[in-house]
Amino acid sequence: MITPAHFEQLFRQSYRPLFRLAYTLLEDEDDCQDVIHEVMANYWEKQPEIKTGKEEGYLKQAVYNACLNLLASKERNQKLKIVYPEMLRQRSTVTENQELWEKIQWYIREKMPFKTREVITLCFLQGFSYQEVAEMLTISPSTVNMHVVNGLRMLRNEFNPTGKKK
Amino acid sequence: MRNKIKAEWLNEPDGEELQQMATAVRESYVNSLPDEALPCPDVDAAWEEFARKHRVQSKRRGWQKWIAAACVLLISVVGYAAFQTLKPASETPAVQQETLTSAAVPSAATLTETETDDLVYHNVSLKQIVEELASLHGAKVSFQRNVSEVRLYTQLSRKWTLAECISFLNKFDQVNLQLEHNTITVK
């Protein structure tokens, strides 16, 4: 039986890591809060038997799953709609996923050709459109697309767990 | 920010796989952002809101609960004391006597304290009763005759004054008590 004091401590210490995880997936502050509150409420009401020290891992996985479900339910693009359940299936644990994020960052930083890295960073970190990136780098939008697709393929070939290669 | 990028790679033959990777790439960038760049709300405020919505009693609330309980208890005690002080000293002895006559008669002499704090005497000697009363009200006793053989079934309220008790007991045929200068004289 988890005590209110223990639960409050768990809530306070895991809130920021959970928010980071949820925001990584959802990128919406309100959605993040809703998901975290829902997961925490569920935890408080059901009081699952978790080994001491494993509570935060459990909560992270619960938040991760809830985020993917929320993304799938919100997605209007039919092609994208199937992506999230697929992600749930393929990258089933949040720990594996966090490792993947770190590996991707390492790969982009260390292995990617300079131009491709520049385009990928502008598109995915800064959020610029193809047109904006094309103007900044004085290249055509189709070249931007080529860099993005090439970059994604390199990453996919490196990290795709199914091992499919083009 | 994510929606601003048109997912043109979806038109590629391996579009779905590329989309998965694109999602992971965007996530990897967001995940690498420093804490200051994330719009994380204040943890205290988040907890307050959560505890209120889901009725989780935090440490502080538990504390407040105990203080509230202590206040309620204090008010009850004060209220009860005030009630006792303001209450009329006694009910009429005649009524009391009626209830006494219907009381069951036990085999042995007993003194019982009832829930209403009354002194109930079952076959108890007058001597004992008077001494008890004197002790209760801080009075002295003076015996002018031996009354150990006079035994009574009666009930006296602790709330009565000594004079009321004496007056009540004097209604018995064999009892003749007098109260003067805080001394009970048994005649």
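This one's a predicted model, so the numbers in the text were calculated from it and none came from an experiment.

**Student:** Please explain the environment of Leu 68 of chain A as it appears in this structure.
**Tutor:** Residues and elements named next belong to chain A. Examined against the element boundaries, Leu 68 turns out to sit in helix 3 (residues 55-74). For Leu 68, a relative accessible area of 0% gives the class buried. Taking the C-alpha atoms as reference points, Leu 68 and Ala 22, 46 residues apart in sequence, are found 9.4 Å from one another.

**Student:** What is the right way to look at the interface of chain A and chain B in this model?
**Tutor:** A common way to express how large an interface is: the accessible area buried when the components associate. Listed per partner, the contact involves 59 residues of chain A and 46 residues of chain B. Interface of chain A and chain B: buried area, both sides summed, is about 5,300 Å²; carbon and sulfur atoms make up 61% of it. Contact with chain B buries area across many residues of chain A, yet Arg 12, Arg 20 and Phe 124 of chain A alone supply 14% of it, more than any other trio. Residue Arg 20 of chain A pairs with Asp 35 of chain B through a salt bridge whose shortest N-O separation is 2.9 Å. If you list the elements that add at least two residues to the side of chain A that touches chain B, you get helix 1 (4-26), helix 2 (29-46), helix 4 (78-81), helix 5 (83-90), helix 6 (94-110), helix 7 (114-125), helix 8 (130-137) and helix 9 (141-159) of chain A. Take the side of chain A that touches chain B: its biggest share by element is 13 residues, from helix 1 of chain A.

**Student:** Whenever I open this one, the nonpolar core confuses me. Can you help?
**Tutor:** Across soluble globular proteins, nonpolar side chains show a tendency to be buried alongside one another. Core analysis: the largest hydrophobic core is formed by 37 residues, its most contacted members being Phe 7, Met 40 and Val 63 of chain A together with Phe 50 of chain B. Of all elements in the fold, only helix 1, helix 2, helix 3 and helix 6 of chain A together with helix 2 (43-54) of chain B reach the threshold of two or more residues within this core. At eleven residues, helix 1 of chain A tops the list of elements feeding residues into this core. Setting aside residues no more than four positions away along its own chain, Val 63 of chain A makes contact with Leu 18, Leu 21, Ala 22, Val 35 and Val 39 of chain A.

Conventions adopted
Residues numbered from 1 in each chain as written. Chains lettered and ligands numbered in written order. Predicted model: local features only at pLDDT ≥ 70, side-chain atom pairs only at ≥ 80, totals over all residues. Heavy atoms only, no water. Helix = DSSP H or I, 4+ residues; strand = E, 2+ residues; numbered from the N terminus. Buried < 20%, exposed > 50% of the residue type's maximum accessible area, 1.4 Å probe, protein only. Contact = heavy atoms within 4.5 Å. Buried area = accessible area lost by both parts, 1.4 Å probe. Salt bridge = Lys/Arg side-chain N within 4 Å of Asp/Glu carboxyl O. Core = buried A, V, L, I, M, F, W, Y, C linked by side-chain atoms within 4.5 Å.

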